[in-house]
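One letter stands for each residue in the lines below.
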Amino acid sequence: LCTKRVLVMEELKGEKLANALKTDMEKHAARAGETVQQFKAKQEEKVRELRKKGEVKLGPSATEYGKYVRLLEGERKLANAGTIAYNYTVGWLPGMEWKECVDRNSIPLINHAKLVDDLIYL
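Residues numbered from 1 in each chain as written. Predicted model: local features only at pLDDT ≥ 70, side-chain atom pairs only at ≥ 80, totals over all residues. Heavy atoms only, no water.

**Q** Before we move on, can you summarise the packing of aromatic side chains with the specific residues and values?
**A** The tally for this structure, following the rule as stated, stands at four aromatic pairs. With centroids separated by 5.7 Å and ring planes inclined at 65 degrees, the aromatic side chains of Tyr65 and Tyr68 adopt a geometry described as edge-to-face. Separated by three residues within a single helix, Tyr65 and Tyr68 lie in helix α3 (residues 62-87), roughly one turn from each other. Tyr68 sits in the partly exposed class, given a relative accessible area of 31%. Judged by centre distance (6.2 Å) and plane angle (55 degrees), the ring pair of Tyr88 and Trp92 falls under tilted. Exposure class is identical for Tyr88 and Trp92. Each is exposed. (Phe/Tyr/Trp six-rings, centres within 6.5 Å; stacked < 30°, edge-to-face > 60°. Helix = DSSP H or I, 4+ residues; strand = E, 2+ residues; numbered from the N terminus. Buried < 20%, exposed > 50% of the residue type's maximum accessible area, 1.4 Å probe, protein only.)

Below is the structure:
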């Protein structure tokens, strides 16, 4: 449904984009061992320093960020494979404790560059 001045789209179910990006920033901050405020302040300081030098910070492309996401996922799977191997061998011995696997949701997996590219394409 659309007219010359109005385009109406269907309602999309799910989390709002702004909320998803905030959640993702929280995951990045936690991965860096910082609070969201500390993480944000550090990023803003980096941008200010670059501006003073007359440089512009360009983020990674969708392809580069996709590789980063796959790397993080691979690291998680490798760590979990080691943890599972430990748990089912040494972990059974008396006095040994089982280790916890890394939760998939603890790692930031949103490809921001691809998301922006897709939104611009629409």
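**Q** Could you give an account of helix α1 (residues 17-32), naming the residues involved and the relevant values?
**A** Across its 16 residues, α1 extends 23 Å between first and last C-alpha, which sits within 8% of the 22 Å expected from 1.5 Å per residue. Along α1, the residues classified as buried are Ala20, Asp24, His28 and Ala29. Backbone geometry just downstream of α1 places Gly33 in the positive-phi region, at approximately 75 degrees. (Expected span 1.5 Å × (residues − 1).)

**Q** Lay out the pattern of salt bridges in plain terms, naming residues and giving numbers.
**A** Taken as a whole and assessed by the stated rule, the structure comprises four salt bridges. The partner of Glu34 in a salt bridge is Lys42, and the shortest N-O contact between them spans 2.4 Å. Relative accessible area serves as the criterion here: at 18%, Glu34 is assigned to the buried category. Under the relative-accessibility criterion, Lys42 is labelled partly exposed at 43%. Across the pair Arg76 and Glu73 runs a salt bridge, and its minimum N-O distance is 2.7 Å. Here Arg76 and its partner Glu73 are both found in helix α3, three residues apart, which amounts to about one turn of the helix. (Salt bridge = Lys/Arg side-chain N within 4 Å of Asp/Glu carboxyl O.)

**Q** Can you explain the side chain of Thr83? Please cite residues and give values.
**A** Mapped onto the fold, Thr83 is located in helix α3. Under the relative-accessibility criterion, Thr83 is labelled buried at 13%. Residues in contact with Thr83, not counting those within four places in the same chain, are Lys99, Glu100 and Cys101. (Contact = heavy atoms within 4.5 Å.)

**Q** Describe in detail the side chain of Glu34, supporting the description with residues and values.
**A** Its location among the elements puts Glu34 in the loop between α1 and α2 (36-52). Only 2.4 Å separates the side chain of Glu34 from the side chain of Lys42, close enough to count as a polar contact. Ignoring anything within four residues of it in the chain, the contact list for Glu34 reads Ala29, Phe39 and Lys42. (Polar contact = N/O pair within 3.5 Å; in protein donor to acceptor, adjacent residues only side chain to side chain.)

**Q** So what's going on with a nonpolar patch on the surface? Which residues, and what values?
**A** Together, Ile84, Tyr88, Trp92 and Trp98 make up a nonpolar patch on the protein surface, roughly 500 Å² of accessible area in all. Here Tyr88 is to be found in the loop between α3 and α4 (112-121). The class of Tyr88 is exposed, set by a relative accessible area of 52%. (Patch = residues over 30% accessible without salt bridge, like charges linked within 9 Å, V, L, I, M, F, W, Y side chains within 5 Å. Areas by Shrake-Rupley, 256 points an atom, 1.4 Å probe, with all protein chains shown as cover.)

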